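Next come the chains, spelled out residue by residue.
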Amino acid sequence: MRLSVVFLSYNTRDLTEQALRTVLDAAEGMAVEVFVADNASVDGSAEMVAEKFPQVKLIRNESNVGFAAGNNVALRRVVGEYVLIINTDTIVRRDTLSAMVDFLDAPPEAGACGCKILDPDGTLQLDSRRGFPTPLAAFCKMSGLSRLFPDHPVISHYHMTYLDPERTEEVEVISGSCMMVRKTAMDQVGLLDEDYFMYGEDIDWCYRIHQAGWKIYYVPTTEIIHFRGESGRGVPLRILYRKSQAMSIFVNKHMAQRFRFFPLWLLQAGIGLHGFFRFLLKTARALALPIIDVGLVLCGLKLGLAVRYHEDLVPFIYRIENAVNLFGLDAEPTRWLAPPPYSDWQWLAVYGVSTLVWLLAFYVTGLYDRRRYSALWSTVGVALGFAFIVTLVFFFKAYNFSRLAAGTAFFCNMVLIAGWRFAARWVLHQRGRSGRLRTLLVGTDQTAADFVDYLGQKAGAARYDLIGLVGQDPEQRGRPVAGRPVLGMLGQLEELVRDYEIEQLVFTPSTMSLSLEQMGRDWGGKSLRISMVPVSFAEMVAERGANDTSPLPLIEIGSNK
């Protein structure tokens, strides 16, 4: 057996399916065994693997035992000459497995290697190759000096930004998101250290491999896409804590002996301070939208009250009440021609409770999640908050001083809250757009048909001009898929882009691994965007309304702009 591939799965069902498909495509023609160790996922990940990938060796752990312990369950069973541990939130190129195996075949002193790892936007992840977190390297990273001097080999040692990302180099650490290890080296140094629950185990493993006399290499001749931390997306603060804890464990295990005369408590204090400031930064980012909304809601309330009690508007208010009475609604004559004589604490209650109610309404309607820039749902949130406030004051008569004031505040807040989100969406998604993108869809499966149907039905897809599809089977040429023609085959992709003046390529899940092979091409100097249809595309668009103008839920892979 040439290669054993080990995935650790934890609540990443769609991404696991996506990763498995690309790895199995890349394993074609090789003697490969694939393991998936599932850490008691609750999203059906294990069931999906059992149903769709019967050739994969599935291991069901009884609980979430962590990254190191979960992988070790599979690592104890591998028999391949080389072992690849790889995250489920990755996509590999068709040559990734063979390129890494071929590299380890050459230098006998190579104990492990890692490839180029890219973010979804095509930029290099700095974790692709790193140095050990020595006191100096840790200080330069935590203090920000490494960002100021990225080309200095000492100051930027931790992330090794002084190295050419396109050259094969001997390094100290490679990322555990895609790490191929010679089994002989693994048997010599042992499995992943289970003292690390999550994060840090790759640095520890690389350190032990180095200590055993093996070399570790960064091999950029192939690449993967890594979506980073999908299994921990819902608990970012816990992830931050795990990272700080992992660094602390590594320092205690390995740095204490190596730097006996250095006061390592300083390094531990630095790790703690760095984690604390990261926590503050993440908290500030998480609170940014609610803080903006609080300011605008308070402005809306103040503006609403100012308009309601403006002395020049009193005759107008009387006319509104008279008009309402014509419909038999029995509006009471205006009792308050000036704001009620509340104490400071009472006004604080009016503003505070109203603001809190609206924030809760915004949260319930998803304005702090996937609908954060939706003007439509902002309107719904403002209306929901207004309805609750109007209902609430019926139980607190002392604060039921004017429905007109509440209505005016409702109108002001609708303009402010929906208005700023509309403006933000325009800035984020409309800036720089010029007309419709001439798009070519690579793939002809059911997902491709669903994507074509979506383009034809949804207002949010108006900026895409789908020219046609690219197939893999020559018999498909000329045949329509959901009413759109198959213009050519994959081997003709460059020619099709040129002849049809394509501006964007979109790959379906079955052809995702091919997208990586297109990122480094210059396409004759032509500007070209590369995107992918996510595996969960059907579920992602099911909730959208026909008039939803939000961008397509595509994964942006790269651009040569």
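Because the structure is predicted, anything quoted here is derived from the model rather than measured.

Colleague: When you look at the pattern of salt bridges in this model, what are you seeing that I'm missing?
Modeller: Two side chains bearing opposite charge may form a pair once their charged atoms approach each other closely. All chains considered together, the criterion is met by 17 salt bridges. Residues Glu17 and Lys52 are paired through a salt bridge, measuring 3.3 Å at the closest nitrogen-oxygen approach. Pair noted here: Glu17 is in helix α1 (residues 13–26) and Lys52 is in helix α2 (residues 45–52), with a separation of 35 residues, a long-range link. The exposure class assigned to Glu17 is buried, which follows from its relative accessible area of 6%. Of the charged contacts, one joins Arg167 and Glu169 as a salt bridge, the two residues approaching to 3.8 Å between their closest N and O atoms. Linked through salt bridges whose partners overlap, the residues forming this network are Arg93, Asp95, Lys116, Glu166 and Glu223.

Colleague: Which parts of the structure should I look at to understand a nonpolar patch on the surface?
Modeller: Taken together, Leu273, Phe276, Phe277, Phe279 and Leu280 make up a surface patch of nonpolar side chains, about 490 Å² in accessible area. As for its position among the elements, Phe279 is in helix α10 (residues 264–308).

Colleague: Any chance you could explain the packing of α1 against α2 here in plain terms?
Modeller: Helix-helix packing is characterised by the crossing angle of the two axes and by the distance between the axes. Running from amino to carboxyl end, α1 crosses α2 at an angle of 35°, the nearest separation of the two axes being 9 Å. α2 is crossed by α1, and the crossing has right-handed handedness. Across the interface between the two elements, Arg13, Thr16, Glu17, Leu20 and Arg21 of α1 pack against Ser45, Met48, Val49 and Lys52 of α2.

Colleague: Looking at this structure, how should I read helix α5 (residues 135–143)?
Modeller: Helical geometry note: an α-helix holds 3.6 residues per turn, so side chains three or four residues apart project in the same direction. Listed in full, the buried residues belonging to α5 are Pro135, Ala137, Ala138 and Cys140. Looking one or two places after α5, you find Gly144, whose phi comes out positive at around 90°.

Colleague: Explain the environment of Arg76 to me, please; I cannot follow it from the model alone.
Modeller: Summarising the element assignment, Arg76 is placed in the loop between α3 (67–75) and β4 (82–87). Through-space distance from the C-alpha of Arg76 to that of Asp187 is 9.8 Å; in sequence the pair is 111 residues apart. Aside from chain neighbours lying at most four places away, what touches Arg76 is Leu191 and Glu194.

Colleague: Help me understand the state of the cysteines in this model?
Modeller: Joining two cysteines, a disulfide is a covalent bond between their sulfur atoms. Inspection of the entire model under this criterion finds zero disulfides. Not part of a disulfide, Cys178 finds its nearest cysteine sulfur in Cys115, a span of 3.9 Å.

Colleague: Looking at this structure, how should I read the packing of aromatic side chains?
Modeller: In this description, an aromatic ring pair is defined by two values, namely the gap between the centres and the angle between the planes. All told, the structure shown has four aromatic pairs when counted by the stated rule. On the numbers, 5.1 Å between centres and 75° between planes, the contact of Phe132 with Tyr207 is edge-to-face. Of the two residues, Phe132 is situated in the loop between β7 (129–130) and α5 and Tyr207 in helix α8 (residues 201–211); the sequence distance between them amounts to 75 residues. When sorted by exposure, Phe132 lands in the same class as Tyr207, which is buried. Ring centres 6.2 Å apart and planes at 45° place the aromatic pair Trp347 and Tyr351 in the tilted group. Linking Trp347 with Tyr351, this pair stays in helix α12 (residues 344–364), spanning four residues, or about one helical turn. This pair shows no difference in class: Trp347 is buried, exactly as Tyr351 is. Arg129 extends its terminal NZ or CZ atom over the ring of Tyr218, reaching a point 5.5 Å from the ring centre.

Colleague: What is the right way to read the nonpolar core from this model?
Modeller: If you look at soluble globular proteins, the nonpolar side chains tend to sit buried side by side. Counting 40 residues, the largest nonpolar core has Val6, Leu75, Val181 and Trp205 as the members making the most contacts within it. Ranked by the residues each element gives to this core, the list is headed by α8, at five residues. Apart from the residues within four sequence positions on either side, Val6 is in contact with Phe35, Asn71, Ala74, Leu75, Val78, Val83, Leu84, Ile85 and Ile86. Formed by 32 residues, the second largest nonpolar core is a distinct cluster that contains Val36, Val56, Cys115 and Ile224.

Parameters and conventions
- Residues numbered from 1 in each chain as written.
- Predicted model: local features only at pLDDT ≥ 70, side-chain atom pairs only at ≥ 80, totals over all residues.
- Heavy atoms only, no water.
- Salt bridge = Lys/Arg side-chain N within 4 Å of Asp/Glu carboxyl O.
- Helix = DSSP H or I, 4+ residues; strand = E, 2+ residues; numbered from the N terminus.
- Buried < 20%, exposed > 50% of the residue type's maximum accessible area, 1.4 Å probe, protein only.
- Patch = residues over 30% accessible without salt bridge, like charges linked within 9 Å, V, L, I, M, F, W, Y side chains within 5 Å.
- Areas by Shrake-Rupley, 256 points an atom, 1.4 Å probe, with all protein chains shown as cover.
- Axes fitted to C-alpha atoms, helices over the stretch in contact; angles between N-to-C directions.
- Left-handed = near helix turned anticlockwise from the far one by under 90°.
- Contact = heavy atoms within 4.5 Å.
- Disulfide = S-S within 2.5 Å.
- Phe/Tyr/Trp six-rings, centres within 6.5 Å; stacked < 30°, edge-to-face > 60°.
- Lys NZ or Arg CZ within 6 Å of the ring centre and 35° of its normal.
- Core = buried A, V, L, I, M, F, W, Y, C linked by side-chain atoms within 4.5 Å.

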